[in-house]
Amino acid sequence: MSGRLRLALVGAGRMGRTHLHALRDHPGVVLTDVVEPVTATHADLAHHGLRVHATLEDLFASRRVDAVLVATPTGTHGDLVRAAVDAGLPVLCEKPAGLTSSDVTHLGRYAHERGVPVQVAYWRRFVPGLVELRDRVEAGDLGEVHLVSCAQWDGAPPSAAFRATSGGIFVDMGVHELDQARWLTGAEIAVVSASAAAGVSDPDVHGDVDSAHATLRLSTGALAAVSLGRYNPGGDVVEASVRGTRGVVHVPVVTPGDGDVPFHRALRAQAQAFADLVGTGTGAGARVSDAAAALAAAEAASAHAGLPSGEPARV
């Protein structure tokens with residue numbers, strides 16, 4: 001591959017539009033095409049200089065891209081990734097890459113057997129403060145790690161329709177924090193316990209809750225705490241901290257006054273890591289095995305809290 005990676009976006013919904021904005025004028029990646037079945041959006045997408053396709057088959061027939069970014073609803077990830085892999089196109093797939101850890105494990109095996117690289121979009125791995133914290137943990141600067149705390153509280157919840165098909169709060173939101181716990185410490189999640197709020201404030205939502213908490217025991221013996229909530233009236237909050245025998249570090253990843261700036265910066269760095277993976281075979285992003293591990297922990301947390309996961313709930 002020479003020059004910038006030519007990337008096709010599959011799905012121009014909320015997350016797809018976020019990627020479109022974040023990757024504008026990226027030095028290593030250029031979004032050239034978009035696959036979007038909603039024809040009412042095609043004129044607007046074309047206005048932004050994108051070649052628009054109604055189906056993946058139309059995109060593949062054009063043979064003018066180097067890789068694919070999947071940003072569609074979770075339940076569609078597996079089929080779309082397989083189709084891109086069959087076409088020989090590397091894939092950057094939005095998290096969680098599937099609704100169950102079993103599905104994601106099979107997906108990773110499918111891509112590996114065909115020799116096509118797949119990266120999963122766990123963007124926290126590209127936040128400078130978290131990268132520095134991970135490096136300090138690995139170097140032993142904080143001593144023996146006793147507790148990792150990760151929290152994500154959204155300013156407002158997504159729609160009831162989205163929540164019905166997202167797999168629930170641990171699969172939808174919690175996989176980010178579960179992946180962080182593994183990535184920050186280099187440890188595996190050994191034991192999971194969890195509890196959830198008694199109900200939801202939206203009467204149209206079934207099979208999901210507004211807040212939940214998980215406690216993990218890691219393979220090193222350290223503990224991790226994951227706090228999740230769909231209502232934080234001041235705005236979105238994402239934060240992480242590590243407590244060790246030699247120090248404590250707290251990283252405010254997203255605060256209400258930040259807007260989308262930290263998110264977009266991380267998405268740009270993530271896209272560059274994907275371009276590196278496509279070009280050299282190595283990159284800093286999460287692999288499918290990481291996504292499967294995060295989902296397995298989310299499934300365990302959902303089960304312990306008495307919540308459904310994996311199969312879509314009903315609105």
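Just above sits the structure.
The structure presented is a predicted model; accordingly, all values stated were derived computationally and were not measured.

**Details of the sheet that holds strand S6 (residues 118-121)**
A sheet is described by the order of its strands in space; here 7 strands give the open sequence S3-S2-S1-S4-S5-S6-S13, paired in mixed fashion. Two strands in the sheet have a free side with no partner beyond their single neighbour: strand S3 (51-53) and strand S13 (286-287). Where helix H4 (residues 77-86) meets the sheet, its contacts fall on strand S1 (5-10), strand S4 (67-70), strand S5 (91-94) and S6, and the angle it forms with S5 comes to roughly 175°.

**Here's the deal with the layout of surface pockets**
The probe, sized like a water molecule, is rolled over the atoms to show the empty space still left. Its boundaries defined by the atoms lining it, the largest pocket holds a volume of some 1,200 Å³. Around the largest pocket, the lining is made up of 48 residues, and of these Arg14, Met15, Phe162, Asp172 and Phe263 lie nearest the centre. Elements with a contribution of two residues or more to the lining of the largest pocket: helix H1 (14-22), H4, helix H7 (160-165) and helix H8 (169-185). If one sorts the elements of the lining of the largest pocket by residue count, H1 sits on top with 4 residues. Lining of the second largest pocket is provided by 15 residues; of these, Leu20, His21, Arg24, His48 and Leu50 occupy positions nearest its centre. Class assignment for the residues of the lining of the second largest pocket results in 7 nonpolar, 4 polar and 4 charged.

**Quick notes on the packing of H8 against helix H10 (residues 288-304)**
At their nearest, the axes of H8 and H10 sit 8 Å apart, and the two run at 120° to each other. Put simply, H8 runs oblique to H10. In the packing of H8 onto H10, the handedness of the crossing is right-handed. Two secondary-structure elements touch here, H8 through Phe170, Val171, Val175, Leu178, Asp179 and Arg182 and H10 through Asp290, Ala293, Ala294, Leu295, Ala297, Ala298, Ala301 and Ser302. Here the contact of H8 with H10 is built from residues that sort into 10 nonpolar, 1 polar and 3 charged.

**A look at the packing of H4 against helix H5 (residues 101-113)**
Between H4 and H5, the shortest axis-to-axis distance is 10 Å and the interhelical angle comes to 5°. Accordingly, the angle class assigned to the pair H4 and H5 is roughly parallel. Every residue of H5 that contacts H4 at Gly78, Val81, Arg82, Val85 and Asp86 is listed here: Asp103, His106, Leu107, Tyr110 and Ala111. Looking at side-chain class alone, the contact of H4 with H5 contains 5 nonpolar, 2 polar and 3 charged residues.

**Focus: the sheet that holds strand S11 (residues 237-244)**
Sheet architecture is open: 6 strands sit in the order S8-S9-S10-S7-S11-S12, paired in mixed fashion. Both edges of this open sheet fall to strand S8 (189-196) and strand S12 (248-254), since each of them pairs with a single strand only. Within this sheet the neighbouring strands show an average axis-to-axis angle of 10°, counted without direction. Pairing of S11 with S12 involves 6 bridges; the strand directions are antiparallel.

**Comments concerning H5**
In a regular helix each residue adds 1.5 Å, so 13 residues correspond to 18 Å; H5 covers 18 Å between its end C-alpha atoms and thus fits that length. Of the positions making up H5, those classed as buried are Ser101, Val104, Leu107, Gly108, Tyr110 and Ala111. In this fold, the buried residues of H5 make contact with H4, S6 and H10. One or two steps after H5, the chain reaches Gly115, where phi turns positive at roughly 70°.

Rules used in this analysis
- Residues numbered from 1 in each chain as written.
- Predicted model: local features only at pLDDT ≥ 70, side-chain atom pairs only at ≥ 80, totals over all residues.
- Heavy atoms only, no water.
- Pairing = 2+ DSSP bridges.
- Helix = DSSP H or I, 4+ residues; strand = E, 2+ residues; numbered from the N terminus.
- Contact = heavy atoms within 4.5 Å.
- Axes fitted to C-alpha atoms, helices over the stretch in contact; angles between N-to-C directions.
- 1 Å grid on protein atoms, 1.4 Å probe; cavity = no way out; pocket = protein on both sides within 12 Å on 5 of 7 lines; lining within 4 Å.
- Points joined across faces, edges and corners; volume = space filled by probe spheres on them.
- Nonpolar A, V, L, I, M, F, W, Y, C, P; charged D, E, K, R; others polar.
- Parallel < 35°, antiparallel > 145°, perpendicular 65-115°, else oblique.
- Left-handed = near helix turned anticlockwise from the far one by under 90°.
- Expected span 1.5 Å × (residues − 1).
- Buried < 20%, exposed > 50% of the residue type's maximum accessible area, 1.4 Å probe, protein only.

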